[in-house]
Amino acid sequence: MIKDFRDYNLLPHNTFGIDARCRRFVEFESIEEARQVATMLDEEDRPLLIVGGGSNLLLTGDYEGTVVHSGIKGISETRVGQTGRVRLTCGSGEIWDDVVAYCAEHGYHGAENLSLIPGEVGASAVQNIGAYGAEVADIIEEVVAVEIGSGQLRRFAASECGYAYRKSRFKNEWKDQYLIVEVSYLLKTEGELNLEYGNIRSELERKGIETPTLEQLRQVVIDIRNEKLPDPKVEGNAGSFFMNPVVSAEKYQELAALYPNMPHYDVDAEHVKIPAGWMIDQCGWKGRTMGRAGVHSRQALVLVNKGGATGDEIVRLCKQIQQDVLERFGIEIHPEVNIV
């Protein structure tokens, strides 16, 4: 049954803990309901805001439009011939980490490094979530969506979705044009584990694990994230607030001469990714507060609601950090979070 509320409180739908309301809130629980919602939305519902778990969202005030949420659940699997691969088809309202747990429990490779990333399946396909050397675009096979207005069901191969670092066509030129209802992921039944990113390998060594299983690797990723990132139930946050900037190799060499210990990741022969959190930390922001907004004490990439902060307070902190990083390193950093 379609849920349709007026003057709805969005507090349960944003992990920053911002107390804001929307004019209308609509939730569908099946593909048929999504098609009904897609045809009933009109110009009076604009602007539209399509949300998942609200873990990548910063509300700067009440939303003078309609918020739409998928409540479609379910995980089904299909073996792909004799190729050693399996297809998981997941409802867009399914919790992402429940999907990763399912994969690890069943021995399906490809999602384990994306453990404990908050949010839902539909949002994973919009944001192209990533962590520890993996992106969800690496395993997405198909996205099924309903076109807003016509109610037409569309199927998009991953190659059509324009995936790049934290980008997709759903996030950019297709924004507010589709309601995602299902995402299919293609996993492997065996394969090598990616242990080279961050401190995964050192944590495995600390635990005395030489050849980890999928579930052991998943648990190590969870432990690392829990150590570095705050619980949104305790301190409101949206995880990593800024994207890691990609700079030219020349710019990297220029900075490396000044900061020999600067961490970096080679993207290709001409581009290098520099951790935004490291630069923010170098600017002295880790653990600092500005009013009721602050930077997490263990991970400078995370902005937190220290209690009762408004979205505008978080934005002011964001802009001050951006300015300081630009002045010191000559690099612009941009929010990963959707600021509304």
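It should be noted that the structure appears before, not after, this text.
This write-up is about the structure you can find in this document.

How each quantity is defined
Along each chain, numbering runs from 1 in the same order as the chain's sequence is written. Confidence filtering applies because this is a predicted model: local features only for residues at pLDDT of at least 70, side-chain atom pairs given and counted only at 80 or more, and all residues used for totals across whole chains, interfaces and linings. Side-chain calculation: all heavy atoms of the structure are included, whereas hydrogens and water are not. Counting from the N terminus, the helices are the DSSP runs of H or I reaching at least four residues and the strands are the DSSP runs of E reaching at least two. Helix span, as expected, comes to 1.5 Å for every residue beyond the first. With a 1.4 Å probe rolled over the protein chains alone, any residue whose accessible area is under 20% of its type maximum counts as buried; one over 50% counts as exposed, and the rest are partly exposed. For two strands to pair, DSSP has to find at least two bridges joining them. Angles here are taken between N-to-C directions and fall from 0 to 180 degrees, while the axes themselves are lines fitted to C-alpha atoms, restricted in helices to the stretch in contact. Whether two residues touch is decided by their heavy atoms; if any such pair falls within 4.5 Å, the residues are in contact. When a carboxyl oxygen of Asp or Glu is within 4 Å of a side-chain nitrogen of Lys or Arg, the pair counts as a salt bridge. To define a nonpolar core, start from buried Ala, Val, Leu, Ile, Met, Phe, Trp, Tyr and Cys residues and group those joined through side-chain atoms within 4.5 Å.

1. Points about helix 8 (residues 311–329)
Then, in step 1: The terminal C-alpha atoms of helix 8 lie 27 Å apart, and with 19 residues this matches the ideal 27 Å at 1.5 Å per residue to within 8%.
Then, in step 2: Restricting attention to buried positions, one finds in helix 8 the residues Gly311, Glu313, Ile314, Val315, Leu317, Cys318, Ile321, Asp324, Val325 and Phe329.
Then, in step 3: The positive-phi residue at the C-terminal boundary of helix 8 is Gly330, with phi of around 70 degrees.

2. Topic: the sheet that holds strand 6 (residues 75–80)
Then, in step 1: Across the sheet, which stays open at both edges, the 5 strands sit in the order 6-7-12-10-11 with antiparallel pairing between neighbours. Strands with a single pairing partner mark the edges of an open sheet, and in this sheet they are strand 6 and strand 11 (153–157). The sheet shows a mean angle of 20 degrees between the axes of neighbouring strands, direction not considered.
Then, in step 2: Alignment of strand 6 against strand 7 (residues 85–91), held across 6 bridges, turns out to be antiparallel. In the sheet register, Glu77 faces strand 7, and the bridge partner there is Leu88.
Then, in step 3: Strand contacts of helix 1 (residues 31–40): strand 10 (140–147), strand 11 and strand 12 (178–188), with the helix running at about 145 degrees to strand 12, the strand carrying the most contacts.
Then, in step 4: Across the sheet, helix 2 (residues 96–106) touches strand 6, strand 7 and strand 12, and the angle it forms with strand 6 is around 45 degrees.

3. Concerning the pattern of salt bridges
Then, in step 1: Taken as a whole, this structure holds 18 salt bridges when the rule is applied.
Then, in step 2: Salt-bridge contacts for Glu142 lead to Arg155; the nearest nitrogen and oxygen are separated by 3.1 Å. Here Glu142 is found in strand 10, whereas its partner Arg155 is found in strand 11, with 13 residues between them in sequence.
Then, in step 3: In this structure, the salt-bridge partner of Arg169 is Glu173, at a minimum N-O distance of 2.8 Å.
Then, in step 4: Assessed through its relative accessible area of 45%, Glu173 is described here as partly exposed.
Then, in step 5: When salt bridges that share partners are traced, they join Lys3, Glu27 and Glu29 into one network.

4. Examining the nonpolar core
Then, in step 1: Within the largest apolar cluster, 47 residues are counted, with the highest numbers of intra-cluster contacts made by Phe241, Phe242, Ile280, Leu303, Ile321, Phe329 and Ile333.
Then, in step 2: Of all the elements in the fold, those that place two or more residues in this core are strand 2 (21–28), strand 3 (48–51), strand 4 (57–58), strand 5 (63–70), helix 6 (249–258), helix 7 (276–282), strand 18 (293–295) and helix 8.
Then, in step 3: Ranked by residue count, the leading element in this core is helix 8, at 7 residues.
Then, in step 4: Every residue in contact with Ile280, bar those within four places of it in the chain, is listed here: Phe242, Trp285, Ala300, Leu301, Ile321, Val325 and Ile333.
Then, in step 5: In this structure, Ala111, Leu114, Ile139 and Val220 belong to the second largest nonpolar core, which totals 43 residues.

5. Comments concerning the environment of Leu317
Then, in step 1: By the secondary structure assignment, Leu317 is in helix 8.
Then, in step 2: Judged by its relative accessible area of 0%, Leu317 is buried.
Then, in step 3: Taking the C-alpha atoms as reference points, Leu317 and Arg292, 25 residues apart in sequence, are found 9.8 Å from one another.
Then, in step 4: Ignoring any residue separated from it by four or fewer positions in sequence, one finds Leu317 in contact with Trp285, Met290, Ala293, Gly294, Val295 and Leu303.

Everything listed here is a matter of coordinates, which is why it stays silent on function.
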